[in-house]
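What follows is the residue order along each chain.
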Amino acid sequence: MKGQASGYWRSSAVKFRIPTAQNLVPIRLDIELDDGHKFKDTFTWNPSDPDSEIVVFAKRTVKDLKLPPAFVTHIASSIQSQLAEFRSFEGQDMYAGEKIVPIKLDLRVNNILIKDQFLWDMNNFESDPEEFAKTFCKDLGIQDPEVAPAIAFSIREQLYETAIQSVASARESRISKKGRRGTEHTPTRVSGVALDLVKLFGHKSSVVRYVFILLVILIWHMDNIFMLEACSIFALYSILETPPIPYMLSVQNLHPVQPATVANLELLTQVIIFFYIIKMSIFL
């Protein structure tokens with residue numbers, strides 16, 4: 001059997017509520033006193049009603065059903081607890097996209113067994129479980145007046161549970177989006193340089209050897225300060241692909257160069273080694 005048709009589709013955020021025309025809380029009582037007396041009942045409660053009505057309802061129930069007076073406190077406490085849980089979700093966002101959920105009925109009311117499954121649109125805020133239950137019983141020829149309320153209550157309970165899950169899903173989605181935005185805007189300049197160096201060199205041991213030889217020559221050649229500074233800046237520029245700003249004034253007369261690659265670094269090192277060998281040969 002098919003559930004209520006969709007009222008309308010909502011794409012904006014929806015605050016928590018039971019997805020029905022009347023925002024009623026399903027209340028289930030299952031109370032047992034120390035002396036063995038038991039009381040079970042199910043009904044719906046309007047969360048907008050004042051809490052003072054709870055005790056009045058509990059007293060009237062005990063009086064009408066001729067229950068022991070001790071049930072008044074237990075009934076009132078159970079209703080207040082379930083209303084407090086419902087109100088803890090009020091004001092929170094719930095899933096607002098298209099969502100069709102399965103509703104399962106597995107009930108025994110007096111001598112009647114009800115088993116069925118159908119789909120329900122969570123975005124249909126005009127649906128009426130009580131009216132649906134009456135139509136359900138009429139179509140199946142069920143005349144017991146207690147069956148329709150039991151069906152309606154079961155539907156409301158399942159919609160309530162699904163609404164709570166929608167709040168949790170919306171919260172997780174919100175946290176996930178914030179996490180992604182934080183990751184996208186996290187500065188990674190320092191770590192980026194380290195990663196670039198790794199990608200630049202990798203396992204090219206030849207380049208590492210060139211750099212090592214270059215540094216040794218530069219340290220040995222301290223007598224030529226300008227050559228030391230220029231080559232150091234050039235080498236650093238080649239590695240980081242960014243000219244170090246503090247040293248730009250020292251080399252302002254040099255022609256601008258493009259970011260060097262590994263091949264440029266190898267060539268530079270070889271040229272310095274070549275001129276170093278020539279100079280040493282001349283002095284010798």
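Residues numbered from 1 in each chain as written. Predicted model: local features only at pLDDT ≥ 70, side-chain atom pairs only at ≥ 80, totals over all residues. Heavy atoms only, no water.

If you tally the helices and strands in the protein chain, you get 8 helices and 6 strands. Along its sequence from the N terminus, the protein chain presents helices and strands in the succession β-β-β-α-α-β-β-β-α-α-α-α-α-α. Every one of the 284 residues in the protein chain was classed for burial, and the buried ones make up 34%. For the protein chain, the share of sequence-separated contacts (at least 6 apart) that also reach a separation of at least 24 residues comes to 65%. As displayed, the protein chain has an accessible area near 18,500 Å², and 58% of this comes from carbon and sulfur atoms. (Helix = DSSP H or I, 4+ residues; strand = E, 2+ residues; numbered from the N terminus. Buried < 20%, exposed > 50% of the residue type's maximum accessible area, 1.4 Å probe, protein only. Contact = heavy atoms within 4.5 Å. Areas by Shrake-Rupley, 256 points an atom, 1.4 Å probe, with all protein chains shown as cover.)

Attention now moves to the confidence of the model for the protein chain. Looking at the protein chain, the pLDDT average stands at 76 and 57% of residues meet or exceed 70. Here residues 1–11 is a poorly scored stretch, pLDDT under 50, and it has 34 contacts once near neighbours within four places are set aside; other chains count. Residue range residues 240–262 is modelled with pLDDT below 50. Its contacts to residues more than four positions away, or to other chains, number 24 contacts. (pLDDT = per-residue confidence, 0-100.)

Turning our attention to the packing of aromatic side chains. What describes a pair of aromatic rings is the distance from one ring centre to the other and the angle between the planes of the rings. In total, this model carries 11 aromatic pairs according to the counting rule given. Plain terms: the ring middles of Trp45 and Phe57 are 5.4 Å apart, the flat faces sit at 80 degrees to each other, and that makes the pair edge-to-face. Remark: Phe57 occurs in helix α1 (residues 52–65) and Trp45 occurs in strand β3 (residues 38–45); sequence separation between them is 12 residues. This pair shows no difference in class: Trp45 is buried, exactly as Phe57 is. Ring geometry for Trp120 and Phe132: centres 5.3 Å apart, planes at 80 degrees, overall edge-to-face. With Trp120 in strand β6 (residues 112–121) and Phe132 in helix α3 (residues 129–140), this residue pair connects regions lying 12 residues apart in the sequence. (Phe/Tyr/Trp six-rings, centres within 6.5 Å; stacked < 30°, edge-to-face > 60°.)

The next subject is the nonpolar core. One finds Ile75, Ile79, Ile151 and Ile155 to be the most contacted residues of the largest nonpolar core, which totals 49 residues. Counting residues per element, the ones that place at least two in this core are β2 (25–32), β3, α1, α2 (71–87), β5 (100–109), β6, α3 and α4 (147–185). Of the residues forming this core, the biggest block, 9 residues, is contributed by α4. Once you skip the residues sitting within four places of it in the chain, Ile79 turns out to touch Ile27, Leu29, Phe43, Trp45, Ile54 and Phe57. (Core = buried A, V, L, I, M, F, W, Y, C linked by side-chain atoms within 4.5 Å.)

The next thing to look at is the side chain of Ser166. Position of Ser166 among the secondary structure elements: in helix α4. Setting aside its immediate chain neighbours within four residues, Ser166 contacts Met94, Tyr95 and Lys99.

Tallied over the full model, the rule gives 4 salt bridges. Residue Lys15 pairs with Asp93 through a salt bridge whose shortest N-O separation is 2.8 Å. On the criterion of sequence distance, the pair formed by Lys15 in strand β1 (residues 14–15) and Asp93 in strand β4 (residues 93–94) is long-range, its members being 78 residues apart. Looking at Lys15, the relative accessible area reads 48%, which means it is partly exposed. Here Glu157 and Arg28 are joined by a salt bridge, their closest N and O atoms 2.9 Å apart. Pair noted here: Glu157 is in helix α4 and Arg28 is in strand β2, with a separation of 129 residues, a long-range link. The class for Arg28 is partly exposed, based on a relative accessible area of 43%. (Salt bridge = Lys/Arg side-chain N within 4 Å of Asp/Glu carboxyl O.)

Below, the discussion takes up unusual backbone geometry. At Lys66, a residue that is not glycine, the phi angle is positive and equals roughly 55 degrees. Relative to the helices and strands, Lys66 resides in the loop between α1 and α2. Overall, Lys66 belongs to the exposed group, its relative accessible area being 75%. Of note, the phi angle at Asn110 is positive, near 55 degrees, even though the residue is not glycine. Within the element layout of this structure, Asn110 appears in the loop between β5 and β6. With relative accessibility at 46%, the residue Asn110 sits in the partly exposed group.

Turning next to the pairing of β5. A one-sided burial pattern is seen for β5, the buried positions being Val101, Ile103, Leu105, Leu107 and Val109 and the unburied ones Ile100, Pro102, Lys104, Asp106 and Arg108. Judged from the 10 bridges that link them, β5 and β6 form a sheet pairing that is antiparallel. Bridge pairing links Pro102 to Leu119 in β6. Between β5 and the antiparallel strand that follows it, β6, lie 2 residues; Asn110 among them carries a positive phi value of about 55 degrees. (Pairing = 2+ DSSP bridges.)

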